[in-house]
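Secondary and tertiary structure notes
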Amino acid sequence: MTYSNLKEEMTKAVDILRAGGLVAIPTETVYGLGADAHNPAAVQKIFQAKQRPSDHPLIVHIGEIDQLHKWAVDISPAAWLLAKTFWPGPLTLILKKVPGVIDQITGGQETVGLRIPNHPVALAVLKTFGGGVAAPSANRFGRISPTTAEAVREELGDAVDLILEGGQCSVGVESTIVDVSGEQVAILRPGMIKAEQIAAVLHQPVAAARKNAPRVSGSLELHYAPVTPTKLMSTSELRNFLRDAAGRFVILALSDWDVTEEVLTRMPSAPEIYAHDLYQVLRELDKRGLEQIIIEAVPEGAEWEAIRDRICRAASA
Ligand code: TXA
Ligand code: MG
């Protein structure tokens, strides 16, 4: 895309947001389905397009840290420190909301999720628009988040007024969600910014993600799932399986396996690259009409936590 095209697309995006329409916006994590966060009718369209239950709260994306005051109150020093350290970046902060935040955004709760994404296209749109943009991942409810503009087109097509092209998302899995609205700082959804990084910045312990934390749609078991039946196997389970495996399956593997190339998708051994590739690989495999997708378990370490979380969900359908 040329520079003048890009500028034209930006202007179009901002006009659509101001008019209450939907714009798919690239971020460094996944593509978001954006609407003016102050416009209830526009936000309503997000739920319709995604077929998402209306009590699930949305993240508000902002372009400047100064705008935090417009959305949140009682912002603790810890919250400021995290915002200043990790924004723009793959971190969402849950804070006490100001009275004006509409119920469709908060799911009727007293808190609001906020994030400054680290992607030039998203930042340009947000800064020009000037207000908050509510944006969940731009997939239909329960499906894999899109990490390319093409994937958004497959997921939502005509339900969006404009899809901004921003290349493949560099992080590839959704942001780390940290609740800083109470006494105890707690991680609600693991992401590529790890609990230990947050604890190191704050010089205090951070509660790890609890399974089934309330009101976080990312915590539902049936989330981020391919249509193809997907199984997670330890390396030894996989060895047993391969002894008398039949049918059309593909393995997302970290180890070397003595199987044909057609059956094997070797995944990167660095967690950052694995995360970058994961959703795109699952999305492509899902189109092949396989009987099964098998994911080889990943290592135990903290740097793999977000990936473990996403592949467990993919395999729990
Ligand atoms: O990386 C991301 O976070 C992407 C990009 C587009 O920014 N967005 C994303 O949005 O993953 P979504 O809606 O798919 O997931 C947002 C999560 C949901 O699980 C939602 O329940 C949770 O954030 N959330 C939002 N506001 C909340 C709140 N006030 N309290 C608790 N959870 C909240
Ligand atoms: Mg989502």
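As a reminder, the structure under discussion sits directly above these lines.
Residues numbered from 1 in each chain as written. Chains lettered and ligands numbered in written order. Predicted model: local features only at pLDDT ≥ 70, side-chain atom pairs only at ≥ 80, totals over all residues. Heavy atoms only, no water.

What follows covers unusual backbone geometry. Here the bond from Trp87 into Pro88 is cis, since omega is -10°, no more than 30 degrees from zero. If you trace the backbone, Pro88 turns up in the loop between helix H4 (77–86) and strand S5 (91–97). For Gln51, which is not a glycine, the phi torsion comes out positive at approximately 55°. Relative to the assigned elements, Gln51 resides in the loop between helix H2 (40–50) and strand S3 (59–61). On the accessibility criterion, Gln51 (57% relative accessible area) is exposed. Phi at Asp74 is positive, roughly 50°, even though this residue is not glycine. (Helix = DSSP H or I, 4+ residues; strand = E, 2+ residues; numbered from the N terminus. Buried < 20%, exposed > 50% of the residue type's maximum accessible area, 1.4 Å probe, protein only.)

The environment of ligand 1 is formed by 26 residues, the closest being Thr29, His61, Ser137, Ser175 and Arg189. Thr111 places a side-chain nitrogen or oxygen 3.0 Å from a nitrogen atom of ligand 1. A distance of 2.5 Å separates an oxygen atom of ligand 1 from a polar atom in the side chain of Ser175. For ligand 1, whose free accessible area comes to 680 Å², the fraction covered by protein is 98%. (Near = heavy atom within 4 Å. Polar contact = N/O pair within 3.5 Å; in protein donor to acceptor, adjacent residues only side chain to side chain. Areas by Shrake-Rupley, 256 points an atom, 1.4 Å probe, with all protein chains shown as cover.)

Along the chain, Thr106 falls in helix H5 (residues 103–106). Look at Thr106 and you get buried, because its relative accessible area is 0%. Remark: the alpha-carbon pair of Thr106 and His56, spanning 50 residues in sequence, is separated by 7.6 Å. If we skip the residues at most four places from it in the chain, Thr106 touches Pro57, Lys97, Val101, Thr111 and Val112. (Contact = heavy atoms within 4.5 Å.)

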